[in-house]
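# Report on the structure
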Protein chains: 2
Amino acid sequence: MSRTSPTTAGTAGPVLLGPGAHATLRPAAAAAIEGGFWQVRRAVNARAGIPQGPRLLESAGNLHDLRLAAGTAEGDFRGDYPFMDSDVYKWLEAASWQLGQSAPDGRDAAEADGERAALAGEVDRIIGLVAAAQQPDGYLNTWFQVTKGGARYQDLRWGHELYCAGHLIQAAVAHHRSTGGKELLRVATRFADHIDTVFGPGKAIESFDGHPEVETALVELYRETGERRYLDLAQYFVDRHGHGVLGGEAYCQDRVPLRAAENVEGHAVRQLYLLAAAADLACETGEAELRAAGERLWRAMTATKTHLTGGVGAHHDKEDFGDPFELPTERAYCETCAAIASIQWSWRMALLTGEARYGDLIERTLFNGVLSGVSLDGETWLYVNPLQIRDGHTDLGGDKSARRTEWFRCACCPPNVMRLLASLEHYVTSTDGAGLQVHQYASGRYTGDAAGRPVVVSAHTTYPAAGTVTFTVEETPGDRPWTLSLRIPHWSAGFAARVAGEPVEDTAADGWLRLERVWAPGDEVTLELDLTPRLTSADPRVDAVRGCVAIERGPLVYCLEQVDHPGGGLDDIVIDTSRPLTEQDRPDLLGGVVTVRAAGRRRAAPDSGHWWPYRAAGRGGTAPDEDPAVPLTAIPYYAWANRQDGSMRVWLPTG
Amino acid sequence: MSRTSPTTAGTAGPVLLGPGAHATLRPAAAAAIEGGFWQVRRAVNARAGIPQGPRLLESAGNLHDLRLAAGTAEGDFRGDYPFMDSDVYKWLEAASWQLGQSAPDGRDAAEADGERAALAGEVDRIIGLVAAAQQPDGYLNTWFQVTKGGARYQDLRWGHELYCAGHLIQAAVAHHRSTGGKELLRVATRFADHIDTVFGPGKAIESFDGHPEVETALVELYRETGERRYLDLAQYFVDRHGHGVLGGEAYCQDRVPLRAAENVEGHAVRQLYLLAAAADLACETGEAELRAAGERLWRAMTATKTHLTGGVGAHHDKEDFGDPFELPTERAYCETCAAIASIQWSWRMALLTGEARYGDLIERTLFNGVLSGVSLDGETWLYVNPLQIRDGHTDLGGDKSARRTEWFRCACCPPNVMRLLASLEHYVTSTDGAGLQVHQYASGRYTGDAAGRPVVVSAHTTYPAAGTVTFTVEETPGDRPWTLSLRIPHWSAGFAARVAGEPVEDTAADGWLRLERVWAPGDEVTLELDLTPRLTSADPRVDAVRGCVAIERGPLVYCLEQVDHPGGGLDDIVIDTSRPLTEQDRPDLLGGVVTVRAAGRRRAAPDSGHWWPYRAAGRGGTAPDEDPAVPLTAIPYYAWANRQDGSMRVWLPTG
């Protein structure tokens, strides 16, 4: 069924472009992360995150509900939402990518093989539950089958039936690419075929699902099977948005067509999954208008609606984008899933256009907005990722709590993190047929293509602890030049590069340092990025952080946590920007971090006995030189909320 | 049935304390607003607001649903919520207070009588619908009677049955006090008696309604009927909160008992109605602990959780208070109803304690947070009252839109404004038995008590346009001293007072200027408040407005609207605080306002071509002296959103 060659470990990844794709870049032929920062995070994901999935899906009722739909269990339906099946599918996708990993993460091979066999067994068991729950005509959604008497497609705004189908398809594609297994792909294809009989021009339903996801999944199914009608159906769904067919709400991505939109809007995850699908389509069809819309909307989102962490979404209540420059700190919505969706969209845009800035946003979002969503031990999660927790914060629990939780009632985020980390190597490099582009700096081994001949480069780095990345050419056609392109991060004040110890004269253009050489095996390229800690300020239209700076170091956003600042809260802290930032390597702290220290003071509370907190401008402040000095210790934002509860802030007042 | 003397026009008002009350102050024996700012706003309420109620309640389905419950109509239930009956009751309360007005607002007496007769007819008609819908045992809620097959009290968190009962009782008390009519009081008493058979210690349900309201209503019913068991039931309900009986959520006021609470929390209206009831109880019973809790929570709310406008509530999604100092501008929730609830609570605290600061907050909230909720023509409404609308704001409609609306799906606010304005004269003055306290400055005629003898004072003022208020002693026992107490607003930088043209030496203490004299009829007291426009800044912990000032003048908060600042938006505006503010009387604008002008500039957009809005601190800014100067024209906040759509802001960056 697959037109791709039988998958081999290390090549199975998302966004495997079709043979006629119009994208500038293509995914690297093979990639493996080995060592360094990401191997640690991925090992936690592989050993603590993914293996706990079946237990959690059982205790949350997802697997029980599948059995109910299959008629093999009795009792009440346990899910709270119509999209609970998607948690199962996303876990299957994560586990499938994990099964595709060749690197034993430095472990004992026999132990690794045992873990893999156990995981494969769990995957097969759960695929069996999914297959059993499917209806004879291919339809599958436990909520509607069990609680709605089989009524279908009655509530496309909220029903999530095609959304769930999309995640089923993504899981099936991942499982097939990673293992060659066909059972889940058979289930997914039957569902896709069923959808194709119901939805489309002149068919029973000329509408779409209010939560995009099936669109990008159908493009992947087209890539995996070669069946053009899946691509056509994806195109139909994308094009149908924005014309009021589904009520005209921004929430459902139905207020304005993408090709006419001026900025991102509505539910953040819905918007970004739709945009990822649009980029997929532009990659496959070469449509200029859809590409232009993607580029325009991406610039508008990053310039006006993105938090420093790469997180997006301003409002808790509708989980949506706010107005331009409406970027609240303590109520930053910044759903972990939205950050992941942003990466998925940016990666497709990077492939489509070849431009480096998409890698900039991916890096920022990955290290900050996504990674904060999972605890350092891989076992607890955040659904929202705020940039501030106030002194005296009353945590009222629930999915949108600022306290890490083992699972959520709406558990979309945990398996989403799992699937991203388990396939992360595929976001690191690409090829354009004339060499290798390095979008992210992660130790590992990456294979590109130079006019049909493989080029293999290994990378070694402790990044983002240190800024040095060493590349070694492992395999090269020695008779022709090809280009090793290194993304120079947009935050970088400067860089230095050497080839075989000799400084290179090449300058970066459009964010790429392009090293075109006739390479020989063993050639070494060293890139030095300047990780000096820096203070960052925001566009003055971002009212929420006026008069504040943030500490950054390399790709990492930093924050203060209360636990590091005894003797008071954080809401009275002021940073002294005239004093230098210093860094300290702390292998003992939070799994090993570089902390950044700054000078600060603690403002005396103004007239705390008074009942009214507003007063004549210019009065009531305390003299800064009388405030007690407080040394500030900042930690990487991704590591917050891993110790005791307390206040936190990214943006620090300067006066 | 009533122990109060037969009501006379001008004496019927809310919070008519019982005979054994322990409050420091009592409502004035009679009060009438005549002339000035509030007569205009109240005339609009009387002629445009209240009369449209029956039509809107008909078109929204509320009256239809009453007929359904009575069995006199057929069709579908039309309300979207279980609390739709309360809209009818709040309108009945508003209309009843209006019927109690004696002042013809300067109109032709025959015309006024005709309007009053028409209104009385509508009130009687709707009371008939309410009475017909009541069940034989006294229960009444159309939602549960019609759509839930008569199931009762199954969902106290969200069912609002006692909440609706509370508004029914409030309406009945108002109708009885204003007109002497007993029909609605009979209906309400039957419902109250039914509730008393079901709820209480050892009874079928030992719980309470998740939305407080019945508590304060039952205290009023006690006051109106003299039946102590209504007071006892109110006490039971208040005491039952905060012990986890109803799930323990802050939203339902069940996380912590009031007597142990450190700050206001949860759903803002629910919290404030509960606190109003607690103050009612403390007034009637003299309980020191409940009084102390009220004082503590009021200070905490005003010091940490109140917007400059007096508006409260930080979050749209749960309509709740946020953390201390979490006071967002564009997503300020500030429900009109919450501002009204705040006034109701503060007024009870003022009576309980006699302290002036409650009048300070009432004044601020009334002129800003409440009045912005109704358009100048009295015909359209705001549910939320934000402090900022951004350039490029996409208004997505719905109840929480920033665009004024004729009615809401959840139409709690419009009749709430109507009932407050129709009874406003009762929040102006009080008596302590030794004179008259003036809490608010409104032209009119107010009656206090001096050792059992009436004292009558008239007030004349164009406040808040001008700061002069002239009081004339109309009636006084000429043989003994009594005290005229004038609240000196907390925002006032200074004041001057004269008695019979002679400057008074008396100084204000605790917010009161107390003038103890042996007064003679015709004695004139003049108070001059300094209304010089001023710049106000916030406690630095209010992150949302760091580096900003607001313009205020007297009790009015000002704002900029885009329509007054052509040539660009408001998000790039900077105010020059080194230049003076000037005021201009504009009788032609917005029904007559004093505008305040300031010097400003429009910041050049920083590197608008760039995709990332964060940059190295200290870089990227434009030179202020190159920015174009923009004269700023501020209008009173209450008058915003009465012209064309556009951006708005209260807080203005200073750099």
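Residues numbered from 1 in each chain as written. Chains lettered and ligands numbered in written order. Predicted model: local features only at pLDDT ≥ 70, side-chain atom pairs only at ≥ 80, totals over all residues. Heavy atoms only, no water.

Further remarks concern the overall build of chain A. Helices and strands together make up the secondary structure of chain A, namely 15 helices and 23 strands. Relative to a compact globule of 655 residues, whose C-alpha radius of gyration would be 26 Å, chain A shows 25 Å and is just as compact. The principal-axis extents of the C-alpha atoms in chain A amount to approximately 75 × 70 × 50 Å. Scored against the burial criterion, the 655 residues of chain A give a buried share of 65%. Taking the 63 positively charged and 87 negatively charged side chains of chain A as two groups, their mean positions are separated by 2 Å. (Helix = DSSP H or I, 4+ residues; strand = E, 2+ residues; numbered from the N terminus. Rg over C-alpha atoms; globule rule 2.2 N^0.38 Å. Buried < 20%, exposed > 50% of the residue type's maximum accessible area, 1.4 Å probe, protein only. Lys, Arg positive; Asp, Glu negative; His and termini not counted. Charge placed at Lys NZ, Arg CZ, Asp CG, Glu CD.)

Attention now moves to the pairing of strand β10 (residues 495-499) of chain A. Residues and elements named next belong to chain A. By the bridge criterion, 5 bridges tie β10 to strand β13 (residues 524-529) in an arrangement that is antiparallel. The residue of β13 that forms the bridge with A496 is E528. Two elements, β10 and strand β11 (residues 502-503), share 2 bridges in a ladder whose sense is antiparallel. What sits directly across from V499, in β11, is E502. Between β10 and β11, which pair antiparallel in sequence order, lie 2 residues; one of them, A500, sits at a positive phi of approximately 50°. (Pairing = 2+ DSSP bridges.)

Take the relation of the copies chain A and chain B next. Each copy of the sequence occupies a distinct position, and chain A is placed on chain B by a rotation of 180° and an axial shift of 0.0 Å, giving an RMSD of 0.0 Å. These values place the two chain copies in the arrangement generated by a two-fold rotation axis. Within chain A, the C-alpha atom positioned nearest to the axis of rotation is that of A:D317, 2.2 Å from it. With an isologous cut-off of 70% or more, the 100% of interface residues of chain A that recur at the interface of chain B puts this contact in the isologous class. (Least-squares fit on C-alpha atoms with pLDDT ≥ 70 in both. Contact = heavy atoms within 4.5 Å.)

What follows covers the interface of chain A and chain B. Every contact between the two is made by 62 residues of chain A and, on the other side, 63 residues of chain B. Interface of chain A and chain B: buried area, both sides summed, is about 5,300 Å²; carbon and sulfur atoms make up 54% of it. In terms of surface lost to chain B, no three residues of chain A exceed A:W611, A:W612 and A:Y614, which account for 16% of the buried area on that side. Across the contact surface, chain A and chain B share 8 salt bridges. Two residues, A:D543 and B:R649, come together in a salt bridge whose shortest N-O distance is 2.6 Å. Remark: the boundary between chain A and chain B carries 32 residue pairs in polar contact (both at pLDDT 80 or more). (Buried area = accessible area lost by both parts, 1.4 Å probe. Salt bridge = Lys/Arg side-chain N within 4 Å of Asp/Glu carboxyl O. Polar contact = N/O pair within 3.5 Å; in protein donor to acceptor, adjacent residues only side chain to side chain.)

For the coordinates displayed, the defined rule picks out 94 salt bridges over all chains. Taking the shortest distance from any N to any O, the salt bridge between B:R67 and B:E58 comes out at 2.8 Å. A relative accessible area of 27% places B:E58 in the partly exposed class. A salt bridge links B:D196 to B:K203, with the nearest nitrogen and oxygen atoms 3.4 Å apart. Among the ionic contacts, a cluster of salt bridges with common partners joins A:R177, A:E220, A:R223, A:E224, A:D280, A:E284 and A:R348.

This brings us to the pairing of strand β13 (residues 524-529) of chain B. As paired elements, strand β8 (residues 468-475) of chain B and β13(B) share 5 bridges and run antiparallel to each other. Within the sheet, the bridge partner assigned to B:V469 lies in β13(B) and is B:L527.

With respect to the element layout, B:R299 can be found in helix α12 (residues 288-304). Accessibility expressed as a relative area gives 33% for B:R299, which makes it partly exposed.

For the rest of this paragraph, the subject is the packing of aromatic side chains. The final tally for this structure, using the stated rule, is 48 aromatic pairs over all chains. Ring centres 5.5 Å apart and planes at 80° place the aromatic pair A:F37 and A:Y638 in the edge-to-face group. Placement of A:F37 in helix α1 (residues 36-49) and of A:Y638 in the loop between β21 (629-636) and β22 (648-649) is noted, with a sequence separation of 601 residues between them. Ring plane angle 85° and centroid distance 6.0 Å describe the contact between B:F83 and B:W158, whose orientation is recorded as edge-to-face. Of this pair, B:F83 sits in the loop between α3 (62-70) and α4 (85-99) while B:W158 sits in the loop between α6 (142-147) and α7 (161-179), placing them 75 residues apart in sequence. Of the residues examined, B:W158 reaches a relative accessible area of 35% and is grouped as partly exposed. (Phe/Tyr/Trp six-rings, centres within 6.5 Å; stacked < 30°, edge-to-face > 60°.)

All names here are of chain B. Close contact between helix α11 (residues 268-285) and α12 brings their axes to 9 Å; oriented N to C, the two are set at 145°. Considering only the axes of α11 and α12, their crossing is left-handed. In this structure, α11 contributes L272, L275, A278, L281 and A282 to the contact, and α12 contributes L290, R291, L297 and M301. Grouping the amino acids of the contact of α11 with α12 by side-chain chemistry returns 8 nonpolar, no polar and 1 charged. (Axes fitted to C-alpha atoms, helices over the stretch in contact; angles between N-to-C directions. Left-handed = near helix turned anticlockwise from the far one by under 90°. Nonpolar A, V, L, I, M, F, W, Y, C, P; charged D, E, K, R; others polar.)

Residue A:P464 is bonded to the preceding A:Y463 through a cis peptide linkage, with omega at 10°. Relative to the assigned elements, A:P464 resides in the loop between β7 (453-461) and β8 (468-475). For B:E319, which is not glycine, the phi torsion reads 50° and is therefore positive. Assignment of secondary structure puts B:E319 in the loop between α12 and α13 (336-353). With a phi close to 60°, B:A641 is a non-glycine residue in the positive phi region.

Segments scoring low in pLDDT should not have their predicted coordinates read at a detailed level. Residues and elements named next belong to chain A. When pLDDT is averaged across chain A, the result is 94; 96% of the residues are at 70 or more. Here residues 1-10 is modelled with pLDDT under 50, and outside its nearest four sequence neighbours on either side it reaches 27 contacts, counting other chains as well. In the model output, the complex is listed with pTM 0.95 alongside ipTM 0.92. (pLDDT = per-residue confidence, 0-100.)

Our next topic: the domain arrangement of chain A. Residue and element names in this part refer to chain A. Taken domain by domain, chain A consists of domain 1 (26-427), domain 2 (429-529) and domain 3 (534-606 + 622-653). Inter-centroid distance (C-alpha atoms) of domain 1 to domain 3 is 33 Å. Between domain 1 and domain 3, the residue contacts involve 26 residues of the former and 32 residues of the latter. Summing both partners gives a buried area of about 2,400 Å² for domain 1 against domain 3, and 59% of it is carried by carbon and sulfur. (Domains from an automatic or database assignment.)

Residues and elements named next belong to chain A. It is the contact of helix α10 (residues 228-240) with helix α11 (residues 268-285), at a shortest axis distance of 10 Å, that shows an interaxial angle of 130°. Here α10 lies oblique to α11, going by the angle between them. Two packed elements cross with a definite hand, and for α10 against α11 that hand is left-handed. Contact residues: L231, A234, Q235 and V238 in α10; L274, A277, L281, E284 and T285 in α11. Here the contact of α10 with α11 is built from residues that sort into 6 nonpolar, 2 polar and 1 charged. (Parallel < 35°, antiparallel > 145°, perpendicular 65-115°, else oblique.)

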